[in-house]
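Observations on chain architecture
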Amino acid sequence: MPTLKSVGELESLRASILGKRDPQKAVITICNGTGCHAHGCVGVTEAFREAVKSQGLEDKVDVRATGCHGFCERGPLVVIKPKGILYQRVRVKDVPEILGETVVKDNVIERMLYTDRASGRKIELEHEVPFYQGQQRLVLGNNGLSHGYADGIAKQMQQVDRWEFLHADNLHDLIAALEKQYGAHGRARSSK
Ligand code: FES
């Protein structure tokens, strides 16, 4: 991958990655943040990868390990996109059922849904969970779908010692540009 030398090149890379994405393709995102590691997300991720491969679903289903979704106490978290169905505390033994029932047949498995403490209601979609409703997720709002973009940035950062762009003034400009687009933090609380 060539080294990026400007914010414009970063934007072009982003646009080209987004342009290759099929928004209707099923994506199984598994949080691989620190908290979910402690709850066994690595085994869950591998089980999904093996199951998708063994069932010949690689052209129809993507499996992506993501960064932290923020709801660490409920990990490992699995979100089935594009709908955004959230399963919490997923175990390796749950993987065949999630793949067969939810990803292939579009059926929701109730026992793995989050239960709202106040109402007792089972909540199906990630964005409907009260924990997320007071938040406006900026950078991490595409967690899982922007894997290629994040991966590209990570690769660039690994080359940082050879990165001509990394002079103090330019770095300041880059950070300012990113903050202008995404805000100063990955996730910002709304004022409501
Ligand atoms: S580490 Fe998985 S939600 Fe935070």
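Scroll up for the structure.
Each value, and the rule that gives it
- Residues numbered from 1 in each chain as written.
- Predicted model: local features only at pLDDT ≥ 70, side-chain atom pairs only at ≥ 80, totals over all residues.
- Helix = DSSP H or I, 4+ residues; strand = E, 2+ residues; numbered from the N terminus.
- Buried ≥ 20, exposed ≤ 12 C-beta atoms within 10 Å, placed from the backbone.
- Contact = placed C-beta atoms within 7 Å.
- Pairing = 2+ DSSP bridges.
- Axes fitted to C-alpha atoms, helices over the stretch in contact; angles between N-to-C directions.
- Core = buried A, V, L, I, M, F, W, Y, C linked by C-beta atoms within 7 Å.

**A short note on the environment of Leu113**
Topologically, Leu113 is positioned in the loop between helix H4 (95–104) and strand S5 (114–115). Residue Leu113 is classed as partly exposed on the basis of its 18 C-beta neighbours within 10 Å. Excluding anything up to four places from it in sequence, Leu113 contacts Tyr87, Lys122, Ile123 and Glu124.

**Quick notes on the sheet that holds strand S2 (residues 61–66)**
Sheet strands line up and pair through hydrogen bonds in the backbone, either parallel or antiparallel. One open sheet accounts for four strands, arranged S2-S1-S3-S4; its pairing is mixed. Strands with a single pairing partner mark the edges of an open sheet, and in this sheet they are S2 and strand S4 (85–87). Going from strand to strand, the sheet's axes swing by 20 degrees on average, the running direction of each strand aside. Examined bridge by bridge, strand S1 (residues 26–31) and S2 share six bridges and lie parallel to one another. Opposite Ala26, over in S2, you have Val61 as the bridge partner. Packing of helix H3 (residues 41–54) onto the sheet brings it into contact with S1 and S2, and relative to S1 it is tilted by some 160 degrees. Its contacts with the sheet put H4 on S1, S2, strand S3 (78–81) and S4, and the angle it makes with S3 is roughly 35 degrees.

**Observations concerning the nonpolar core**
With 26 residues, the main nonpolar core has Ile28, Ile30, Val44, Phe48, Val78 and Ile80 as its most contacted residues. Listing elements by their share of this core, those giving two or more residues are S1, H3, S2, S3, S4 and H4. Apart from residues lying up to four places away in sequence, Ile30 is in contact with Cys41, Val44, Thr45, Phe48, Ala65, Thr66, Pro76 and Val78.

**Side note on unusual backbone geometry**
For the peptide bond that leads from Gly75 to Pro76, omega is -5 degrees, which places it in the cis range. In this structure, the amide linkage connecting Lys81 to the following residue, Pro82, adopts the cis form with an omega of 15 degrees. For Arg89, which is not glycine, the phi dihedral falls at a positive 50 degrees. Checked against the element boundaries, Arg89 lands in the loop between S4 and H4. Positive phi, close to 65 degrees, is recorded for Asp106, a residue that is not glycine. Looking at the secondary structure, you find Asp106 in the loop between H4 and S5. Overall, Asp106 belongs to the exposed group, with 11 C-beta atoms counted inside 10 Å.

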